[in-house]
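Listed below, chain by chain, are the residues.
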Amino acid sequence: MKLTMLGTGHAVVTECYNTCFVLSENNRHFLVDGGGGSTILTQLKRAKINIGDIKTIFVTHKHIDHILGVVWMMRVLARYLAKEGAEDVYIYGHDEVIGLLRDMAEKLLQKNEVRSLDTKLHLVAVEDGETKTVLGHPVTFFDIHSTKAKQFGFTMHLKNGKKFTCAGDEPYNPECKPYVEGSQWLLHEAFCLYGDRERFQPYEKHHSTVKEACELAESLSIPNLVLWHTEDKNLSHRKELYTAEGKEYYHGNLLVPDDGEIIKL
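Residues numbered from 1 in each chain as written. Predicted model: local features only at pLDDT ≥ 70, side-chain atom pairs only at ≥ 80, totals over all residues. Heavy atoms only, no water.

S.K.: Would you take a moment to explain the nonpolar core for this structure?
M.R.: Burial of nonpolar side chains together is a common tendency in soluble globular proteins. One finds Leu 44, Ile 57, Met 73, Met 74, Ile 91 and Leu 101 to be the most contacted residues of the largest nonpolar core, which totals 33 residues. Contributing elements (two or more residues each) for this core: strand 2 (20-25), helix 1 (39-46), strand 4 (54-58), helix 2 (64-81), strand 5 (89-93), helix 3 (95-108) and strand 6 (121-125). Here this core gets 8 residues from one element, more than from any other, and that element is helix 2. Residues in contact with Ile 91, not counting those within four places in the same chain, are Ile 57, Val 59, Val 70, Met 74, Ile 98, Leu 101, Leu 121, His 122, Leu 123 and Val 124. Of all hydrophobic cores here, the second largest spans 27 residues; its members include Met 5, Phe 58, Val 126 and Leu 187. (Core = buried A, V, L, I, M, F, W, Y, C linked by side-chain atoms within 4.5 Å. Buried < 20%, exposed > 50% of the residue type's maximum accessible area, 1.4 Å probe, protein only. Helix = DSSP H or I, 4+ residues; strand = E, 2+ residues; numbered from the N terminus. Contact = heavy atoms within 4.5 Å.)

See the structure below:
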């Protein structure tokens, strides 16, 4: 299994793409979020990921920097699904996300593109705590108890016995401990450096800093921590700066990926 970071930035970045990623195994792909627009197609092309090999998509919540790219994916996927013998594609999300995607598809896409809905392109609402099989692995979706908009994260059990958890783009809520605890891999947002908190004001936006994310991972004994959903004002030095601050509070394997970076799980 490998993790490809298509985007690592927060909602209004201009120097990198919005946070979204792909989990891949045996040339099949699981896309999580789509960023804020058609650049998702560019990022997938750069990553050499064939859109036709994406069979499952999960949308965490309805904010535009996560959901709009999925509408573009639906448009392109409709063309693949029109081919004889094409495998069905499933898009998962909580009820609000699925309702919004359906509404946008019916209003924004062409009639021939909408035709695949519910026949080949399935929009599936999942509940808190519900488990589906993705890439042959059990994936459990959970409510992160967002303070802004209903949002789900997920945990995937890998074949090597390790647990991979995406905690969404808000600070960890202790109510999610049953899902996050025991994870070997944790993906957590870090809006900025703790030292830059007055400049970027992460707490007012319901986000955390590198310090808080690393303290959390340390307290839960998470061996591998991936930080993302960051600011982009010093992108060329983000990796070294975030790593340096994070290592003061966390002693595991700390990763601060750039767009397009691949991590082997």
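S.K.: Before we go on, may I ask you to explain the packing of aromatic side chains in this structure?
M.R.: Note on aromatic pairs: each is described by the distance of the centres and the angle between the planes. By the definition in use, this model includes 10 aromatic pairs. Each ring, one from Phe 58 and one from Phe 141, has its centre 4.7 Å from the other, and the planes form 45°; the classification is tilted. Here Phe 58, found in strand 4, pairs with Phe 141, found in strand 8 (residues 137-143); they are 83 residues apart in sequence, far enough to count as distant. Note on Phe 141: relative accessible area 0%, which makes it buried. (Phe/Tyr/Trp six-rings, centres within 6.5 Å; stacked < 30°, edge-to-face > 60°.)

S.K.: What's the story with helix 2 in this structure? I'm lost.
M.R.: An α-helical turn contains 3.6 residues, so a residue and the one three or four places further along point in the same direction. Over its 18 residues, helix 2 runs 25 Å from end to end, which matches the ideal 26 Å to within 8%, given 1.5 Å per residue. Looking only at helix 2, the buried set comprises Asp 65, His 66, Ile 67, Gly 69, Val 70, Val 71, Met 73, Met 74, Val 76, Leu 77, Ala 78 and Leu 81. (Expected span 1.5 Å × (residues − 1).)

S.K.: Would you take a moment to explain the pairing of strand 5 for this structure?
M.R.: Counting buried residues along strand 5, 4 of its 5 residues qualify, which places the element largely inside the surrounding structure. Two strands pair when backbone bridges link them, and strand 4 and strand 5 are joined in this way by 3 bridges, in the parallel orientation. Among the inter-strand pairings, Ile 57 is bridged to a residue of strand 5, identified as Ile 91. Crossover connection from strand 4 via helix 2 to parallel strand 5: handedness right-handed. Pairing of strand 5 with strand 6, which is carried by 5 bridges, proceeds in the parallel orientation. Each residue of the ladder has a partner; that of Tyr 92, found in strand 6, is Val 124. (Pairing = 2+ DSSP bridges. Right-handed = clockwise from strand over helix to strand, strands pointing away.)

S.K.: What should I look at first to understand the sheet that holds strand 11 (residues 185-189) in this one?
M.R.: Backbone-to-backbone hydrogen bonds join strands into a sheet, with any given pair of strands oriented parallel or antiparallel. The strand order across the open sheet formed by 7 strands is 7-8-9-10-11-12-13, and the pairing between neighbours is mixed. At either margin of the open sheet sits one strand with a lone partner, and together these are strand 7 (131-134) and strand 13 (253-255). In this sheet, neighbouring strand axes are inclined to one another by 20° on average, regardless of whether the strands run parallel or antiparallel. Where strand 9 (residues 152-157) meets strand 10 (residues 163-166), 4 bridges bridge the pair, whose relative direction is antiparallel. Its bridge partner lying in strand 10, Phe 154 is registered against Cys 166. (Axes fitted to C-alpha atoms, helices over the stretch in contact; angles between N-to-C directions.)

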